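The residues making up each chain are set out below.
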Amino acid sequence: MIHEVLPVGILQCNCSVFGDEQSREAIVVDPGDDIARVLEAVARHGLTVKAIVITHAHIDHIGGAQKLKLATGAPVYMNRNDAALQKMMDVQAGWLGMRPPAAVEIDSEAKDGDVLALGTTEFHVLHTPGHTQGSISLWIPSERKLVAGDTLFRDSVGRTDLPGGDSRQILRSIHEKLMPLPDETLVFPGHGANTTIGREKQFNYFLRGI
Ligand SMILES: [Zn+2]
């Protein structure tokens, strides 16, 4: 499995490009910005994008989705519980002092338990609300990888002070959906460095006592 992580945009959102070596198909997760670089990575590996997955509707994760969709024709997957947040894109752009990006139409709701296939590799959708109501994580069992969006970070958890945030709920999501994954699971958070489930279990201060 090809996997490139590209930090994109002013908030350096970790955009993941996954590519299947056999079918040459790709899934792009969180194309927040810098779509030219994302397309360059896709082309460099000779891939065709078959799905665009949004972990949650914050502008730094979804901002480039329409550009990427226009360039590739790939459908966009996002959990419907972030629909209200997605409609606030002009407000979100105001938080960052930037112009709102082109709006994107969601083609498929990414529900808890949904499975996306990339060649023979399965991507399992885990609904992990708390950072936002529609936050999802992607669990790739055969790769032992988790794309965590802004739910779990190395040494931290996602902020819950923005609209739709809930500090109890994010801890419940992490405890019930993420901590049961194997300790060696490689975690790719929405920002910053990678980690593992085992490492966060041991050292993440925010997860003590849950
Ligand atoms: Zn976020």
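Everything below is about the structure printed above this text.
As the structure is a prediction and not an experimental result, all values here were calculated from the model.

Caption draft 1: Structural context of the sheet that holds strand 3 (residues 25-29). Sheet architecture is open: six strands sit in the order 1-2-3-4-5-6, paired in mixed fashion. At either margin of the open sheet sits one strand with a lone partner, and together these are strand 1 (2-8) and strand 6 (108-109). Relative to strand 2 (residues 13-19), strand 1 is paired through seven bridges, and the arrangement is antiparallel. Its bridge partner lying in strand 2, Glu-4 is registered against Val-17. Its contacts with the sheet place helix 1 (residues 35-44) against strand 1, strand 2, strand 3 and strand 4 (48-53), and it is angled at close to 165° to strand 1. Along the sheet, helix 3 (residues 65-72) makes contact with strand 3, strand 4 and strand 5 (76-78), crossing strand 4 at roughly 155°.

Caption draft 2: Layout of the side chain of Asp-20. Inspection of the secondary structure puts Asp-20 in the loop between strand 2 and strand 3. For the buried residue Asp-20, which engages in no salt bridge, the nearest side chain bearing the opposite charge is Arg-24, 7.6 Å off. For Asp-20, the residues in contact, after removing those within four places along its chain, are Glu-25, Leu-47, Leu-118 and Gly-119.

Caption draft 3: How the structure looks around the coordination of the zinc ion. Donor atoms from the polypeptide that bind the zinc ion are His-56 (NE2), His-58 (ND1), His-131 (NE2) and Asp-150 (OD), placed at 2.2 to 2.3 Å. Sequence spacing of the donor residues for the zinc ion, all on one chain, is H-x1-H-x72-H-x18-D. The exposure classification of His-56 matches that of His-58, with both residues buried.

Caption draft 4: Region of the structure containing the side chain of His-58. Structurally, His-58 can be placed in the loop between strand 4 and helix 2 (59-62). Classification of His-58 by relative accessible area gives buried; the value is 5%.

Caption draft 5: Layout of helix 3. Taken together, the buried positions of helix 3 are Ala-65, Gln-66, Leu-68 and Lys-69. The arc that holds the buried residues of helix 3, viewed along the axis, is 165°, so those residues lie on one side. In helix 3, the exposed residues that point more than 90 degrees away from the buried face are Lys-67 and Leu-70. Where the residues of helix 3 are buried, they touch strand 3, helix 1, strand 4, helix 2 and strand 5. Of the residues trailing helix 3, Gly-73 is marked for its positive phi of about 75°.

Caption draft 6: Quick look at unusual backbone geometry. In this structure, Asp-30 takes a positive phi of about 60° despite not being glycine. One non-glycine residue with positive phi stands out, namely Asp-155, at about 70°. Mapped onto the elements, Asp-155 comes out in the loop between strand 11 (152-153) and strand 12 (156-157).

Caption draft 7: Layout of the pattern of salt bridges. For the coordinates displayed, the defined rule picks out twelve salt bridges. Between Arg-44 and Glu-40 there is a salt bridge whose closest N-O contact spans 2.9 Å. Here Arg-44 pairs with Glu-40, and both are found in helix 1, just four residues apart, close to one helical turn. Lys-201 is the salt-bridge partner of Asp-183, the closest N and O atoms lying 2.7 Å from each other. With Asp-183 in the loop between helix 6 (167-178) and strand 13 (186-189) and Lys-201 in helix 7 (residues 197-203), the pair connects residues that are 18 residues apart, well separated along the chain. Look at the salt bridges and you will find they share partners, linking Glu-4, Glu-40 and Arg-44 into a network.

Cut-offs and rules
- Residues numbered from 1 in each chain as written.
- Predicted model: local features only at pLDDT ≥ 70, side-chain atom pairs only at ≥ 80, totals over all residues.
- Heavy atoms only, no water.
- Pairing = 2+ DSSP bridges.
- Helix = DSSP H or I, 4+ residues; strand = E, 2+ residues; numbered from the N terminus.
- Contact = heavy atoms within 4.5 Å.
- Axes fitted to C-alpha atoms, helices over the stretch in contact; angles between N-to-C directions.
- Buried < 20%, exposed > 50% of the residue type's maximum accessible area, 1.4 Å probe, protein only.
- Lys, Arg positive; Asp, Glu negative; His and termini not counted.
- Salt bridge = Lys/Arg side-chain N within 4 Å of Asp/Glu carboxyl O.
- Donors = N, O, S within 2.8 Å, 3.2 Å for Na, K, Ca; no water.
- Arc of directions from axis to C-beta.

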